[in-house]
Every structure is written in C-alpha cells, then in structure tokens.
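Summary of the model geometry
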Amino acid sequence: MPKNKGKGGKNRKRGKNEADDEKRELVFKEDGQEYAQVLRMLGNGRCEATCIDGTKRLCHIRGKMHKKVWIAAGDIILVGLRDYQDDKADVILKYMPDEARLLKAYGELPESTRLNEGIAGGLDEEDDGAGDDYIEFEDEDIDKI
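On a predicted model such as this, the values are computed, not experimentally measured, just so you know.

1. Comments concerning the environment of Lys 94
Inspection of the secondary structure assignment puts Lys 94 in strand S5 (residues 88-94). Those residues within four positions of Lys 94 in sequence are excluded, and the remaining contacts are Arg 24, Met 65, Val 69, Trp 70, Ile 71, Asp 75, Ile 76, Ile 77 and Glu 99. From its side chain, Lys 94 meets the backbone oxygen of Trp 70 in a polar contact 2.9 Å long.

Below is the structure:
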C-alpha cells in the first residue's frame, strides 16, 4: 500500500471556505481594465463578455479564481485588457450583486446595463398579464360540462 504523503484529500479542499461573503472594499477600474457583463460561459475557464465600451471579448478566468469563484451569464466582472490582443481579456474580479448595484449607482456602469438577469432578461415585462391563465367558472357552467 502506498503511503499518503499529501495534506489531505478532496474533503480537505471542500472544507476550505474563503471568507469572500464578508463585506469587501469596492474595487473600481484602472487604466487597462474595463467592466464587462458575461454573455455566456464557454467552458475550459473561458467566457464571452460584452465590455462597457461596446466590444465583445473572449475572457479567460485567471487561475486564482478558477473553481473558487463561480461566474454565470449576466454577472458583472472586471477584466484586464490585453495590449497585444484587443478581442481577448482576462477576468480579474467578479462583482457580487450588491457591488454591481453600487457601481451602477456611482455611475461607473451605464444605466442601460441590466443587472442580475442573465440570459432570461426581459421576463419582468410580461408579468402584468400573468393572471390571464386563470379562468373562473360558475357552478352552473361546471354542471353543463
């Protein structure tokens, strides 16, 4: 039988809880960085995102975030732009929903940005007609059936 020389198995890795849920300082973009919204996840640590400047870029999730910070479609992220490839970027930070709302309130994100909706955006416009599916029958109508 081989001797286990490591510090533990997968349960030790699973038990690690980075305290990211606590309040952290809001990080603003610097030069060479841009805010973006994730369009779709591509797999292999990559995603497609639309930057605030209007360009669609292929973003690579850095190793520090890979399998630790889960990114989904519709999330607001901070990407580092590449000097040599304009159509590619690197994900630096994922903003929590409350941080994204703060960024929008501070005017960092444009008003047209839709937060926390992902691909299923626009469902809230159909909510006004949601009660039309319910039909009320009288007792005499039921007897005729």
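Additional details are given in the paragraphs that follow.
2. Topic: the environment of Asp 31
As for its placement among the helices and strands, Asp 31 is situated in the loop between helix H1 (10-15) and strand S1 (33-43). Expressed as a C-alpha distance, the spacing of Asp 31 and Gly 80, which sit 49 residues apart in the sequence, is 9.0 Å.

3. A word on the pattern of salt bridges
For the coordinates displayed, the defined rule picks out seven salt bridges. Residue Asp 75 is joined to Lys 94 by a salt bridge in which the shortest nitrogen-to-oxygen separation is 3.6 Å. Of this pair, Asp 75 sits in the loop between strand S3 (56-61) and strand S4 (76-81) while Lys 94 sits in strand S5; the two residues are 19 residues apart in sequence, bridging distant segments of the chain. Comparing Asp 75 with Lys 94 shows no difference in burial state: the two are buried. The network of salt bridges with shared partners includes Asp 53, Arg 57 and Asp 86.

4. Some points on the sheet that holds S5
Taking strand neighbours around the barrel as the criterion, the five strands line up as S1-S2-S3-S5-S4 in a closed arrangement whose pairing is mixed. Mean inter-strand twist for the sheet, computed between neighbouring axes without regard to direction, equals 50°. Of the pairings in the sheet, the one linking strand S2 (residues 46-51) to S3 comprises five bridges and is antiparallel in character. Bridge pairing in S3 places Thr 50 opposite Lys 56.

5. Some remarks on a nonpolar patch on the surface
Taken together, the side chains of Phe 28, Leu 102 and Tyr 106 present a nonpolar region at the surface, about 300 Å² in accessible area. Within the secondary structure, Leu 102 sits in helix H2 (residues 97-105). The exposure class of Leu 102 is partly exposed, given its relative accessible area of 39%.

6. Describing the pairing of S2
Here six bridges tie S1 to S2, and the two strands are oriented antiparallel to one another. Residue pairing for S2: Met 41 is matched across the bridge by Cys 47. Hairpin connection, S2 to S3: the antiparallel pair is bridged by four residues, and Gly 54 has positive phi, about 100°.

Conventions we followed
- Residues numbered from 1 in each chain as written.
- Predicted model: local features only at pLDDT ≥ 70, side-chain atom pairs only at ≥ 80, totals over all residues.
- Heavy atoms only, no water.
- Helix = DSSP H or I, 4+ residues; strand = E, 2+ residues; numbered from the N terminus.
- Contact = heavy atoms within 4.5 Å.
- Polar contact = N/O pair within 3.5 Å; in protein donor to acceptor, adjacent residues only side chain to side chain.
- Salt bridge = Lys/Arg side-chain N within 4 Å of Asp/Glu carboxyl O.
- Buried < 20%, exposed > 50% of the residue type's maximum accessible area, 1.4 Å probe, protein only.
- Pairing = 2+ DSSP bridges.
- Axes fitted to C-alpha atoms, helices over the stretch in contact; angles between N-to-C directions.
- Patch = residues over 30% accessible without salt bridge, like charges linked within 9 Å, V, L, I, M, F, W, Y side chains within 5 Å.
- Areas by Shrake-Rupley, 256 points an atom, 1.4 Å probe, with all protein chains shown as cover.

Functional significance is not addressed by these values, which are geometric in nature.
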